[in-house]
Amino acid sequence: MRPFIAALIWGLCLPLAAAAQCGGDFGAFVQDLKAEIRGQGLSEVQADAFLRGVRQDARVLKADRAQGVFRKNFIEFSQSLISQNRLTNGARNSQKYKAVFDRIEREYGVSRGVLLAFWALETDYGAVQGDFNTRDALVTLAHDCRRPELFRPQVLAAAELYRRGDFDPQRTAGAWAGEIGQVQMLPDDILRNGVDGDGDGHVTLKTSAPDALMSGAKMLRDLGWRKGEPWMQEIVVPEGLDWSKTGMGVALDTADWARMGVSAREGALASGKGSVLLPMGRKGPAFMVYPNFQVLFEWNKSFVYVTTAAYFATRLEGAARFDPGRPEAGLSAEQMKALQQKLSARGYDVGAVDGILGARTRDAVQREQMRLGLPADAWPTAALLSRL
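Parameters and conventions
Residues numbered from 1 in each chain as written. Predicted model: local features only at pLDDT ≥ 70, side-chain atom pairs only at ≥ 80, totals over all residues. Heavy atoms only, no water. Buried < 20%, exposed > 50% of the residue type's maximum accessible area, 1.4 Å probe, protein only. Helix = DSSP H or I, 4+ residues; strand = E, 2+ residues; numbered from the N terminus. Pairing = 2+ DSSP bridges. Polar contact = N/O pair within 3.5 Å; in protein donor to acceptor, adjacent residues only side chain to side chain. Contact = heavy atoms within 4.5 Å. Phe/Tyr/Trp six-rings, centres within 6.5 Å; stacked < 30°, edge-to-face > 60°. Lys NZ or Arg CZ within 6 Å of the ring centre and 35° of its normal.

Per an unreviewed UniProt entry, the protein chain carries the name Lytic murein transglycosylase and comes from Rhodobacter flavimaris.

Caption draft 1: Spatial organisation of the pairing of strand S3 (residues 232–236). With 4 of its 5 residues buried, S3 lies for the most part within the structure. Pairing of S3 with strand S7 (residues 287–289) involves 3 bridges; the strand directions are antiparallel. If you follow Met232 over to S7, its bridge partner there is Val289. The pairing of S3 with strand S5 (residues 263–264) spans 2 bridges and is antiparallel. Within S5, the position partnered with Val236 by the bridge is Ser263.

Caption draft 2: Layout of the side chain of Arg112. Along the chain, Arg112 turns up in helix H8 (residues 112–123). Here the side chain of Arg112 touches Asp102 through a polar contact of 2.6 Å, side chain to side chain. Setting aside its immediate chain neighbours within four residues, Arg112 contacts Ser94, Lys98, Phe101, Asp102, Glu105 and Glu317.

Caption draft 3: Inspection of the packing of aromatic side chains at higher detail. Per the counting criterion, the structure on display carries 16 aromatic pairs. Here the aromatic rings of Phe26 and Phe29 are separated by 6.4 Å at their centres, their planes lie at 25 degrees, and the arrangement is stacked. Of this pair, Phe26 and Phe29 both sit in helix H2 (residues 26–39), separated by 3 residues, roughly a single helical turn. Take Phe26 and Phe29: they sit in the same class, and that class is buried. Plain terms: the ring middles of Phe118 and Trp299 are 4.3 Å apart, the flat faces sit at 20 degrees to each other, and that makes the pair stacked. Note that Phe118 is positioned in helix H8 and Trp299 in the loop between helix H14 (291–295) and helix H15 (303–316), a separation of 181 residues in sequence. The class for Trp299 is buried, based on a relative accessible area of 0%. Of the aromatic side chains, those joined through ring pairs into one cluster are Phe74, Phe287, Tyr311 and Phe322. Positioned over the ring face of Phe132 is Arg59, at 4.1 Å from the centre of the ring.

So, in structure tokens, the structure goes:
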């Protein structure tokens, strides 16, 4: 679910994560990990059983380094993930679990559309949960030195779930980054936010939709979701809008946006503060996004994924298909890497030079467009690349 998040450290793991060890001989690494697991209260027998047969999984490392799907633009990405079948199954599951969603909206204030969207995109409503051994995946990523501060605490959290009887180190399987269950939660998330939604005395995210949905809702609530507030709606923007005011860095009252000529494509703009989001520039789709939209980045850090999930949630709640407009041609992966290199050379922090148009690259693009006197809509084109 969230392979890119900054670590949410669990309990006593906090000081240990700050100096997370990684790399070196795998056997020695496992022995060091065992000592740390013992230190959090597992017996030697339990620690041995939890780590018995642990191995590095080369498939995990390959998956971690091959996430080219996020290089697609918003239209391509959303069309590849949002199908009529998923919309139909979303409506069916909304009715099937109506009592669960009603309870979620009462207790946590999270819209059913949002949970249905993530449930669909993460596991196709529980049908495809991943076949990676979760313990091995987490230990592999903890040993790898790219993000040990995230994954070592997740190993410890999995060990605690095992101690409680809610994790089988030999059989628990899920996504390559260690997420488990129908809405793909990391072990630490389960410890913090796991909810027994079906009342059987266990939190079973793999087989219980009520447990998974209730747990996902609690996590969103605890991350800052605002009850009863919107997250996104499609808008129409005027040609003469000040494009430098667009993007998630600027939030204005929707009444101010309306005075500038921004309107809702359906109905009226919601009240409160919002940001104009142009995922493919001023000539492409346009959305007003609200504070709850920002919360979704705690679920997944990918800009195109979160935008797609948020839009899909509106569709599941009855919104029309977005107007694609006529966006200008974007950049190829290699052109995007060249752009990121040029932006980095100018002092911008764009993160990894990976050919993915993420939030930091978009921000740098908009700033350079403003400097060059171009329409500052944060959409990189070949013309901008040549100017740099």
